[in-house]
Amino acid sequence: MSEVVTYSREGTIGVITVNYPPVNALSHAVRSGLVAALEQGQKDTDAKVLLLVCEGRTFIAGADIREFGKPMQEPGLAAMIELYENSDKPIVAAIHGTALGGGLETALGCHYRVALSSARVGLPEVKLGLLPGAGGTQRLPRLTGAQKALEMITTGDFVAAKDALALGIVDSVEEGSDIRAVGLTYAQKIADEGKPARRVRDLNDKIEADKGSDVFEQFRAGLQKKARGLFSPFKCVDAVEAAFNLPFDEGMKRERELFMECMESPQRAGLVHAFFAEREVSKVKGLPKDTPVRDIRKVGVIGAGTMGGGIAMNFANAGIPVTIAEVKQEALDKGLAVIRKNYENTAKKGRITQAQVEERMSLISGTLTYDDFGDADLVIEAVFESMDLKKKIFGQLDEACKPGAILASNTSTLSIDDIAAATKRPQDVIGLHFFSPANVMKLLEIVRGEKTSDEVKATAMALAKKIGKVGVMVGNCYGFVGNRMLHKRGAEAMALVNEGASPQQVDKVLTDLGFPMGQFAMSDLAGIDIGYSIRKERRKAGEDVPASWMDKLAEQGRLGQKTQAGVYKYEEGNRKPIPDPQVDQIIAEFRQEQGITPREITDQEILERCMYVMINEGAKILEEGIADRSLDIDITWIYGYGFPAYRGGPMFWADQIGLDTILATVKHFHEALGGEQWKPAGLLEKLVSEGRKFSDL
Ligand code: 3H9
């Protein structure tokens, strides 16, 4: 028998133990071990009831995702579960940690389930572009009915043990932490009461009750909006519906077919890449795992604007006291009031309680002087993008803060090294670039300066995790990873409109690709004045930044959503962008001034110019070591800019298109349009000549 699964006996209970760290995933070794252990339990005449339990931090967390895309080795998971379900001896699954995906499916194949009160269960396959493919779509609805099964399977959300008990997914919930002891006690009860092997497949009451219900159509209609562009949620509904229309064995066959369709879809590949990439980004190249981290018990934030307020909320949410500094009392009061309003809105939606609102607000204080930062472990500056101002602030912070305090800037474009040079502690200076809205967006771009110490880098990475962000470590350059690529896309989008496209045509191409909003709707959200002042600063610095129709919008006070007019117009209290003939007029006049005759532009040209320019820049970013791996870029774009996770991130998407195709197109635009942005990245040429991909690096 494989050593990852063992069989032993305690009295009359045969115990099957899985021990396959870190999460007891159902690898080939585990599946075959489970089959062999079951055989042993069946043969063991002294065993009256069998118990399935796991070592380590969790029950089985699902199929082994690392085996996806490789040839399947027997026994398959569904077949293994069938053997468990068909056992004459009752089998109890004892659940601690999380029983997920194939793990929950295995538990559903057992005859009874007992869980610790801290445990959670779920079928999160949909988040990997899949559906539960080992009976989950057929067995779960037999316990919960259609509605709840559809909810769990189409969202992938976890259910806490007590809710799982109420739903009939588990039979008993126990306090305590010793899952083996809890499992043995429960199994003994089953043995003492002489309970039979109760198979979920035979439970048909809930199936009969929901047969012919319109819940499936309702779910499909709801998904049209919630799961736009996604493949597997719709297949999940089809599979669950099969449980109601077909006998169990045929339902299982239908589930298998639908599962294979998902398995072969490029969305599955993209989502699995994103799953592992999200975990890989936490492992920073060259930063030893055992690097000491500093305690962050008190935080200061400079600036009570949208960004500063959002940043402060992250710390209050994590229970860390935070003080916000402003120049004027009025601005401070306004900022604190906005934070309170945000929390109250969240409470109104039922996501937090009023008591939590008060608790969080009590952790946030205001000040007009940096003297109050004397005991802060970290101060984050979040004022507007002016190097002079930032240098002045960092000089003052250096004086006010205790030795060892980390000084961070939320700058989205400026040099961390230049900012650090304004202090006597450049080793303690780092960039912490939050994305707007800072309390919502999951990305934290962590910018290492030339002199930033390993301890400060490791502290920033640990802090990101603590406040629920995905931290990506990047190097220092204009715009770092995210905005450096975004600005290339922005310039190209503007040029496309100059040449004849409409803003809404450009935006539609991007939303069709899966972005939640297009380039211009995003400019309206962020504020047209931001790009305008960046362009002005760059022109002042002598850079060749071409004239733009967007400058005219800013000059006319069309600053975006906040003025209800930008590239689009907006109705009061509504964020939906509405095309505006006045803007068409401004664009037409601009073209005339510039002597441009507009031409018809295809969606394909928009897609290639907006996206390939970014990929070419991404390759340059890798070449320069600003990002360590292409997956760092992918995660930056998924969590910072809403790049569709099901495409795996821009660099993974490029790999799937084929780097030779990308390079040929980049070369074509370089010839046709010129410009540094279209000069093919050396790395792109090298990879194509070697027949390699970004993900091979
Ligand atoms: C499925 O079951 C299909 C079936 O229906 C049908 C089949 C026919 N496989 O997240 P963490 C690794 S689909 C392999 O940092 P946490 C992970 O990469 C599957 N590896 O810890 C990481 O490795 P490393 C359905 C896995 O405590 C380490 O474990 N199941 C798997 O924050 C720790 O992970 C899921 O989708 C796996 N299934 O969270 C569950 N899972 O240390 C996916 C994790 O080398 N997993 N690893 O970086 C999770 O949601 C979380 O990992 C979990 C733990 C909640 C379990």
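Residues numbered from 1 in each chain as written. Predicted model: local features only at pLDDT ≥ 70, side-chain atom pairs only at ≥ 80, totals over all residues.

So the rule is basically this: UniProt positions are given in the numbering used here, feature names are shortened, and annotations may be inferred rather than shown by experiment.
Named according to an unreviewed UniProt entry, the protein chain is 3-hydroxyacyl-CoA dehydrogenase originating from Marinobacter panjinensis. Recorded in UniProt under Catalytic activity (unreviewed entry), the annotation for the protein chain is "a (3S)-3-hydroxyacyl-CoA + NAD(+) = a 3-oxoacyl-CoA + NADH + H(+)".

## Let's talk about the overall build of the protein chain
Defined as follows: Helix and strand labels come from DSSP, where a helix needs a run of H or I of at least four residues and a strand needs a run of E of at least two; each type is numbered from the N terminus. As a reference, a globule follows 2.2 Å times the number of residues to the power 0.38, and the radius of gyration itself is taken over C-alpha atoms. Three exposure classes are used. Buried residues have 20 or more other C-beta atoms within 10 Å of their own C-beta, exposed residues have 12 or fewer, and partly exposed residues fall in between, all C-beta atoms being placed from the backbone. Placing a C-beta atom from the backbone of each residue, one calls two residues in contact when those atoms lie within 7 Å.
Scanning the protein chain for helices and strands turns up 29 helices and 17 strands. For 697 residues, the compact-globule estimate of 2.2 N^0.38 gives 26 Å, and the C-alpha radius of gyration of the protein chain, at 28 Å, lies within 12% of that figure. In terms of overall dimensions, the protein chain has C-alpha extents of about 90 × 60 × 55 Å along its principal axes. Within the protein chain, buried positions represent 48% of all 697 residues. When contacts within the protein chain are restricted to residue pairs at least 6 apart in sequence, long-range pairs at least 24 apart make up 72% of them.

## Describing the packing of helix α14 (residues 329-348) against helix α15 (residues 354-362)
To keep things clear, this is the line we draw: Axis angles are defined between N-to-C directions and span 0 to 180 degrees, where every axis is a line fitted to C-alpha atoms and, for a helix, only to the segment in contact. In these notes the angle categories are as follows: under 35 degrees is roughly parallel, over 145 is roughly antiparallel, 65 to 115 is roughly perpendicular, and the rest is oblique. Take the far helix as your reference; a near helix turned counterclockwise from it by less than a right angle gives a left-handed crossing, and one turned clockwise gives a right-handed crossing.
Between α14 and α15, whose axes approach to 9 Å, the crossing angle comes to 160°. With respect to α15, the axis of α14 lies roughly antiparallel. Crossing angle aside, the handedness with which α14 passes α15 is right-handed. Residue-level contacts link R340, Y343, E344 and A347 of α14 to Q354, V357, R360 and M361 of α15.

## Some thoughts on the UniProt feature "domain: 3-hydroxyacyl-CoA dehydrogenase NAD binding" (unreviewed entry) in the protein chain
The sites that UniProt annotates as "domain: 3-hydroxyacyl-CoA dehydrogenase NAD binding" (unreviewed entry) are residues 298-476. As a span, residues 298-476 carries 41% helix and 21% strand, and end to end its C-alpha atoms are 26 Å apart.

## Notes on the site of the ligand
We count it as follows: Near residues are defined by distance alone, with the backbone-placed C-beta atom required to lie within 6 Å of the molecule or strand. Each residue receives one of three labels: charged for Asp, Glu, Lys and Arg, nonpolar for Ala, Val, Leu, Ile, Met, Phe, Trp, Tyr, Cys and Pro, and polar for the others, Gly being one of them.
Residues in close proximity to the ligand total 25 residues, the closest being G62, A63, G101, G102 and G133. Those elements that place two or more of their residues in the shell around the ligand are β5 (98-100), α3 (102-109) and α12 (266-280). Classifying every residue of the shell around the ligand gives 14 nonpolar, 6 polar and 5 charged.

## Brief notes about the domain arrangement of the protein chain
Heads up, the rule is: Domain start and stop positions are those given by an automatic or database domain assignment.
On domain assignment, one finds that the protein chain holds domain 1 (5-263), domain 2 (299-474), domain 3 (491-500 + 601-625 + 628-697) and domain 4 (502-600). Computed over C-alpha atoms only, the centres of domain 1 and domain 2 are separated by 43 Å.

## Topic: the pairing of strand β11 (residues 322-325)
Defined as follows: Whether two strands pair comes down to DSSP finding at least two bridges between them. When the strands point away from the viewer and the path from the first strand over the helix to the second turns clockwise, the crossover is right-handed.
The alternating pattern of β11 places V322 and I324 and T323 and A325 on opposite faces, both of which are buried. Bridge count between strand β10 (residues 299-302) and β11: 4 bridges; the pairing is parallel. Across the sheet, residue V299 finds its bridge partner in β11, namely V322. Handedness of the crossover joining β10 and β11 through helix α13 (residues 306-317) is recorded here as right-handed. Two elements, β11 and strand β12 (residues 364-367), share 4 bridges in a ladder whose sense is parallel. In the sheet register, I324 faces β12, and the bridge partner there is G366.

## Section: the pairing of strand β16 (residues 443-448)
Across the 6 residues that make up β16, a large majority, 6, are buried. Taking every second residue as pointing to the same face, both faces of β16 are buried, with L443, E445 and V447 on one and L444, I446 and R448 on the other. Pairing geometry for β16 and strand β17 (residues 470-474), over 5 bridges, is parallel. Residue pairing for β17: L444 is matched across the bridge by G471. After leaving β16, the chain enters helix α18 (residues 454-466) and then returns to the sheet as β17, a path that is right-handed.

## Some points on the environment of Q218
Here Q218 shows up in helix α9 (residues 215-226). Measuring from C-alpha to C-alpha, the distance between Q218 and T665 comes to 43 Å, with 447 residues separating the pair along the chain.

## Re the sheet that holds strand β6 (residues 112-116)
Spatially, β1-β2-β3-β4-β6-β9 is the arrangement adopted by the 6 strands of the open sheet, whose pairing is mixed. Across the chains shown, the open sheet's two edge strands, defined by having one partner strand only, are β1 (5-10) and β9 (172-174). Pairwise comparison of adjacent strand axes, ignoring direction, gives a mean angle of 25° for this sheet. Sheet analysis places β6 next to β9, joined by 3 bridges and oriented parallel. Each bridged residue has a counterpart across the sheet, and for V114 the counterpart in β9 is S172. Sitting on the sheet, helix α7 (residues 179-193) touches β1, β2 (13-18), β3 (49-54), β4 (91-95), β6 and β9, and the angle it makes with β3 is about 165°.

## Here we look at the UniProt feature "domain: 3-hydroxyacyl-CoA dehydrogenase C-terminal" (unreviewed entry) in the protein chain
Per the UniProt annotation, the sites labelled "domain: 3-hydroxyacyl-CoA dehydrogenase C-terminal" (unreviewed entry) are residues 479-570 and 606-692. For the annotated span residues 479-570, helix accounts for 62% and strand for 0% of the residues, and the straight-line distance between the end C-alpha atoms is 29 Å. Each end of residues 606-692 is marked by a C-alpha atom, and these two atoms are 26 Å apart; helix forms 71% of the span and strand 0%.

## Structural notes on the nonpolar core
To be explicit about the condition: Any nonpolar core is a set of buried residues, restricted to Ala, Val, Leu, Ile, Met, Phe, Trp, Tyr and Cys, that join up through C-beta atoms within 7 Å.
Of all hydrophobic cores here, the largest spans 206 residues; its most connected members are L51, V92, A94, V379 and I446. Top contributing element to this core by residue count: helix α25 (residues 603-623), with 10 residues. Apart from residues no more than four positions distant in its own chain, A94 is found in contact with L51, L52, V53, V114, I179, V182, G183 and Y186.

## Some thoughts on the confidence of the model for the protein chain
Heads up, the rule is: The quantity called pLDDT is the predictor's confidence in a given residue, expressed from 0 to 100.
Considering every residue of the protein chain, the mean pLDDT works out to 95; 100% of them sit at 70 or more. In the predicted complex, the global pTM is 0.92; the interface-specific ipTM is 0.98.

## Description of unusual backbone geometry
Cis geometry is adopted by the peptide bond preceding P75, which originates at E74 and carries an omega value of 0°. For P75, the location among the structural elements is in the loop between β3 and α2 (77-85). Phi is positive for F480, which is not a glycine, with a value near 55°. For F480, the location among the structural elements is in the loop between β17 and α19 (482-499). Residue classification places F480 among the buried residues on the basis of 26 C-beta atoms within 10 Å. Backbone geometry places Q564, a non-glycine residue, at a positive phi of 60°. By the element assignment, Q564 lies in the loop between α23 (549-555) and α24 (581-594). The exposure class assigned to Q564 is partly exposed, which follows from the 17 C-beta atoms found within 10 Å.

## A closer look at the packing of helix α26 (residues 630-641) against helix α27 (residues 650-657)
Following both chains from N to C, one finds α26 and α27 inclined at 115°, their axes separated by 6 Å at the closest point. For the pair α26 and α27, contact is made by S630, I633, D634 and W637 and by P650, M651 and F652, respectively.

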